[in-house]
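# Fold and contact review
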Amino acid sequence: MGHDPEVAVRPHVVVIGAGFGGLAAAKRLEDEAVDVTVIDRHNYHTFQPLLYQVATAGLNTADVGYAVRGLFRRQRRVFFRKAQVTGIDLDRRRVELRDLPEVPYDHLIVAAGSRCNTFGIPGADELAFPLYTLEEAVRLRNHVISLFEAASAEPGLVAEGVLTFVVVGGGPTGVEVAGALAELVEKVFADDFHDLDVHRSRIVLVEQGDRLLAAFDEHSGTYARAALERRGVEVRTGTAVESVAVDHVVLAGGEVLHTRCLVWAAGVQAGALAQALPVARGRGGRIVVHRDLSVPGYPDVYCVGDIADIDDGSGGRLPQLAQVAIQGGRHAAEQVLRTIERRPRADFHYLDKGTMATIGRRAAVADLPIGVRLRGMPAWLAWLLLHLVYLVGVRNRVSVFINWAWNYLTWDRGPRLILRPEALPHTPIPHSDAAPRTDQAGTSA
Ligand SMILES: Cc1cc2nc3c(=O)[nH]c(=O)nc-3n(C[C@H](O)[C@H](O)[C@H](O)COP(=O)(O)OP(=O)(O)OC[C@H]3O[C@@H](n4cnc5c(N)ncnc54)[C@H](O)[C@@H]3O)c2cc1C
């Protein structure tokens, strides 16, 4: 039994999304005199910063996901609904769900995150591999391993680009994916596929701008490039992708790269829910909010995290980062409580704790506040520590720590499993056990 509006006397706060922003809001409210319903299409929270490690066989899916109900098992006034939100009736104060009754609210916090933006590049939506969900991470892992299996079975396919991996986007995600793929091939597949000359594989990182990690200090970008090149990654800056096909991509200027695996780490836009609402939208379709994070015209509706277009106080917009979502979620929850207690609301002030990206073993960059810049081993250790601290769930922290220690000591990787493979157009040799292609491939390990 969830929140019952017929008998409820406590205000009902509905939180859409169990990501960083939604969980931070619900956690802030869990011991207050309100009923909270968290709604998410998945029954788990996804720790997106480590998805690339699932995709490159470094971590298990369960290491970076955490069941939402498990997080609130002792909070009797926090409820969970596993459902796809299809819309919000802002005037009737109702959240609309696919195939389920609508959910009424007194206060609403929308934290539905973001999704990939392929900027209308032909073929990219259908054929590129984005990395926003656990399903996508497993799909990419399946595909990478399948391509090596195919090359092992038919070595002639290597000349057709079957072992060429193209990563689009030189931001943190692109850098992390390219670096992790390079280590996977060099240190793990070289032995796993000892019947194959894996050194004929290529990893190409394509970035439209003139340097990597544009949001970081220039030296961090230079360091990342050198660290990737040392690992054998071909870095192509000032290069745009024009179109994507099953067995090749076309770069600006007409160059053709033969590949069957293009990872899309180049663009981000607000989650689809933002488009379903009759509200003003800013860059990337994000919902424009007031300084207290409420939606103009709807003072009891807040938007936080990636889906919100938030003024940074100096004319710019806040970036789509976990810390922005966490702090925003907490702030929106605070404003709900202030409203209930008839206290004045406060503006949101983001505390910048810095940004980090890792390239591989002992190689990372960290741009921290007050101009502190770390590179190499110190940045890598800081990165490891911070990700352990922010991972949701003690069990996950322990599991990730053990996995990392094992990987570090043995150069081995754990889950190199092809799970529920799909019949994808770019798989050169069909899987004997392939399921028909779906939008959301199943995943279990
Ligand atoms: C690959 C990757 C790596 C990243 N690395 C970093 C990093 O190193 N550091 C950093 O600070 N940031 C990183 N980020 C960004 C960071 O993960 C996001 O800024 C953060 O997750 C935003 O939090 P959020 O709560 O707004 O959205 P999310 O965490 O994305 O949560 C949104 C939730 O809403 C749910 N949802 C969406 N639509 C619906 C719907 N219609 N109905 C029901 N549920 C819905 C989703 O299932 C999801 O659980 C990374 C992002 C990605 C994709």
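Everything numeric in this text was worked out from a predicted model, so none of it was measured.

Let us now look at the site of the ligand. Of all residues adjacent to the ligand, which total 26 residues, the nearest are Gly21, Asp40, Gln48, Val85 and Asp306. At 3.3 Å from an oxygen atom of the ligand is found a main-chain nitrogen or oxygen belonging to Leu321. The backbone of Ala322 places a nitrogen or oxygen atom 2.9 Å from an oxygen atom of the ligand. Relative to its unbound accessible surface of 990 Å², the ligand loses 90% to contact with the protein.

With that out of the way, let us pick up unusual backbone geometry. For Ala57, which is not glycine, the phi dihedral falls at a positive 65 degrees. Turning to its location among the elements, Ala57 is positioned in the loop between α2 (51-55) and α3 (61-64). Given the relative accessible area of 2%, Ala57 is considered buried. Despite not being glycine, Arg93 has its phi angle at roughly 55 degrees, a positive value. Of note, Arg93 is situated in the loop between β6 (85-89) and β7 (94-97). According to the relative accessible area criterion, Arg93 is partly exposed, its value standing at 33%.

Walk down a regular strand and you will see the side chains alternate between the two sheet faces. Residue alternation in β7 divides its side chains into a buried set, Val95 and Leu97, and an unburied set, Arg94 and Glu96. Of the strand pairs in this sheet, β6 and β7 are connected by four bridges, and their pairing is antiparallel. Paired with Ile88 across the strands is Val95, a residue of β7. Taking the residues that link successive antiparallel strands as the turn, the β6-β7 hairpin has four residues, and the phi of Arg93 there is positive, at about 55 degrees. Bridge count for β7 against strand β8 (residues 100-104) is three bridges, and the pairing is antiparallel. Within the sheet, the bridge partner assigned to Val95 lies in β8 and is Val103. In textbook terms, the turn of a hairpin is the stretch between consecutive antiparallel strands, and for β7 and β8 this stretch comprises two residues, one of which, Asp99, has a positive phi near 65 degrees.

We now examine the domain arrangement of the protein chain. Here the domain parsing of the protein chain yields domain 1 (12-41 + 83-116 + 269-340) and domain 2 (124-266 + 361-410). Computed over C-alpha atoms only, the centres of domain 1 and domain 2 are separated by 32 Å. Contacts between the two partners involve six residues from domain 1 and, on the opposite side, five residues from domain 2. Taken together, the links from domain 1 to domain 2 amount to zero salt bridges. Linking domain 1 to domain 2 there are one residue pair in polar contact (both at pLDDT 80 or more). Of all the secondary structure elements, the ones that give two or more residues to the side of domain 1 that touches domain 2 are β10 (114-116) and α9 (322-340). Looking at which element gives the most residues to the side of domain 1 that touches domain 2, the answer is β10, with three residues. Its residues assigned to classes, the side of domain 1 that touches domain 2 shows three nonpolar, two polar and one charged.

Reading the values: the criteria
- Residues numbered from 1 in each chain as written.
- Predicted model: local features only at pLDDT ≥ 70, side-chain atom pairs only at ≥ 80, totals over all residues.
- Heavy atoms only, no water.
- Near = heavy atom within 4 Å.
- Polar contact = N/O pair within 3.5 Å; in protein donor to acceptor, adjacent residues only side chain to side chain.
- Areas by Shrake-Rupley, 256 points an atom, 1.4 Å probe, with all protein chains shown as cover.
- Helix = DSSP H or I, 4+ residues; strand = E, 2+ residues; numbered from the N terminus.
- Buried < 20%, exposed > 50% of the residue type's maximum accessible area, 1.4 Å probe, protein only.
- Pairing = 2+ DSSP bridges.
- Domains from an automatic or database assignment.
- Contact = heavy atoms within 4.5 Å.
- Salt bridge = Lys/Arg side-chain N within 4 Å of Asp/Glu carboxyl O.
- Nonpolar A, V, L, I, M, F, W, Y, C, P; charged D, E, K, R; others polar.

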